[in-house]
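Topology and contacts: notes
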Amino acid sequence: MATPGVGALLSVEELSVRYGGLAALSEVSFTVGEGELVGLIGPNGAGKTTCIDALTGFQASAGGHVRFAGAVIDDLAPHERAGLGFVRTFQSLDLFDDLTVAQNLEVAAGARSARPGLADRFRGRRPADTAEHLEEVIDLVGLGSIARRRPGELSHGERHRVALGRALAARPRLVLLDEPASGLDPAETSALGVLLTALAARGTAVLLVDHDMSLVMGTCERVHVLDHGLLIASGTPAEVRADPGVREAYLGAGGAR
């Protein structure tokens, strides 16, 4: 595992969050490397949503640091973090139902291209032609057949793909996916796993938060486990499965489920 702050795209260093007297997240540290597919799991109430919100600037931290590509981003607003290439999805999907699928992606791409100066210097390259980039995203995520439809006309699985397409339209270096398999059937979940693996292979890092253990353990290179706001384990899927603390807290004493 990369040492926090060294050789990592995302470095979380002793991150803490408090709600009054409650410690919702306590000195959590982990990394995500360039083009790496990493899982963040834990039972309900473990602190996953709090961690996501703190990483992306939607929740103030009580201590620690978040580094992205070596730079501390603690004081940046959510849209500024996104502009640097650190993009998230939401469980609510947050699609524009009055726009077509293609227009939803155009909005995301337009928001990214509207602030090219700092982001492009940070990333060290100029954005690709927007139209060409959107065609690539539509093809990659498999949205071609529904590009002219509106989200309200789509299945739950298709809406999830649109949400992922919106995130990719923003040209992320790292995308944080919040429960992308929620409500998907086994075939859709399997297809999602193939897509996430392809994204990582293309150089886009992924931090995957999901309750579907078959998806997380079957696709992620490393997995970080939260329980009661504490990081209780980090390692390969095999190492995490074998960890007694994880088996007790999350997978169940009888094994993975």
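Small disclaimer: the values here were computed from a predicted structure and weren't measured.

With respect to burial, strand β3 (residues 37–41) is a largely interior element, 5 of its 5 residues being buried. Side-chain alternation along β3 places L37, G39 and I41 on one buried face and V38 and L40 on a second face that is also buried. When β3 meets strand β9 (residues 222–227), the two strands line up parallel, connected through 4 bridges. Looking across to β9, one finds that L40 is bridged to H224.

Membership of the largest hydrophobic core comes to 44 residues, with the highest contact counts inside it found for L105, L143, V162, L208 and V223. A total of 6 residues in this core trace back to one element, the largest contributor, which is helix α6 (residues 156–169). Non-local contacts of L208, meaning those with residues more than four positions away in its chain, are made with V38, G39, L40, L177, P180, L196, L215, V216, T219 and C220. Counting 28 residues, the second largest nonpolar core, distinct from the first, contains V28, F30, V66 and I73.

Moving on, we get to helix α5 (residues 130–141). The first and last C-alpha atoms of α5 sit 16 Å apart over 12 residues, in line with the 16 Å expected at 1.5 Å per residue. Positive backbone phi, approximately 75°, marks G142, located one or two places after α5.

This brings us to the confidence of the model for the protein. Averaged over every residue, the pLDDT of the protein is 86; the share at 70 or more is 87%. A low-confidence stretch, residues 1–6 stays under pLDDT 50, and its non-local contacts, those more than four residues away or across chains, total 14 contacts. Within the model, the stretch residues 253–257 combines pLDDT values under 50 with 9 contacts to residues more than four positions away or in other chains.

Turning our attention to the packing of α5 against α6. Running from amino to carboxyl end, α5 crosses α6 at an angle of 145°, the nearest separation of the two axes being 10 Å. Of the two possible hands of crossing, α5 and α6 adopt the one that is right-handed. Between α5 and α6, the residues in contact are H133, L134, V137, L140 and V141 and R161, G165, L168 and A169, respectively. Each residue belonging to the contact of α5 with α6 can be placed in one class, and the counts come to 6 nonpolar, 2 polar and 1 charged.

Before going further, it helps to examine α6. Between its first and last C-alpha atoms α6 spans 20 Å; for 14 residues at 1.5 Å apiece the expected length is 20 Å, and the two agree. Burial analysis of α6 places 12 of its 14 residues in the buried class, which makes it a mostly covered element. Residues of α6 that are buried include every one of G157, E158, R159, H160, V162, A163, L164, G165, R166, A167, L168 and A169, and no others. Just beyond α6, the residue with positive phi is R171, at close to 55°.

Aromatic ring pairs are described here by two measures, namely the spacing of the ring centres and the angle between the planes. Inspection of the entire model under this criterion finds 2 aromatic pairs. Seen in terms of ring centroids, F58 and F90 are 5.6 Å apart; in terms of plane orientation they differ by 90°. Their pairing is edge-to-face. Of this pair, F58 sits in the loop between α1 (48–55) and β4 (63–68) while F90 sits in the loop between β6 (86–88) and α3 (101–113), and the two are 32 residues apart along the sequence. For the ring pair F68 and F86, a centre distance of 5.5 Å and an interplane angle of 5° mean the geometry is stacked. Residue F68 is located in strand β4, and its partner F86 is located in strand β6; the two are separated by 18 residues in the primary sequence. Assigned by exposure class, F68 and F86 land together as buried.

By the criterion of burial, strand β8 (residues 205–209) is predominantly enclosed, with 5 of the 5 residues buried. The alternating pattern of β8 places A205, L207 and V209 on one face and V206 and L208 on the opposite face, and all of these are buried. Relative to β8, β3 is paired through 4 bridges, and the arrangement is parallel. When the bridges of β8 are listed, L37 appears paired with V206. Two elements, strand β7 (residues 174–178) and β8, share 5 bridges in a ladder whose sense is parallel. Among the inter-strand pairings, L176 is bridged to a residue of β8, identified as L207.

As a further point, take the sheet that holds β3. For sheets, the rule is that strands pair by backbone hydrogen bonds, running either parallel or antiparallel. Strand order in the open sheet formed by 6 strands is β6-β7-β8-β3-β9-β10, with mixed pairing between adjacent strands. At either end of the open sheet lies a strand with only one pairing partner, and these are β6 and β10 (230–235). Adjacent strand axes in the sheet meet at a mean angle of 20°, parallel and antiparallel pairs treated alike.

What counts and what doesn't
- Residues numbered from 1 in each chain as written.
- Predicted model: local features only at pLDDT ≥ 70, side-chain atom pairs only at ≥ 80, totals over all residues.
- Heavy atoms only, no water.
- Buried < 20%, exposed > 50% of the residue type's maximum accessible area, 1.4 Å probe, protein only.
- Helix = DSSP H or I, 4+ residues; strand = E, 2+ residues; numbered from the N terminus.
- Pairing = 2+ DSSP bridges.
- Core = buried A, V, L, I, M, F, W, Y, C linked by side-chain atoms within 4.5 Å.
- Contact = heavy atoms within 4.5 Å.
- Expected span 1.5 Å × (residues − 1).
- pLDDT = per-residue confidence, 0-100.
- Axes fitted to C-alpha atoms, helices over the stretch in contact; angles between N-to-C directions.
- Left-handed = near helix turned anticlockwise from the far one by under 90°.
- Nonpolar A, V, L, I, M, F, W, Y, C, P; charged D, E, K, R; others polar.
- Phe/Tyr/Trp six-rings, centres within 6.5 Å; stacked < 30°, edge-to-face > 60°.

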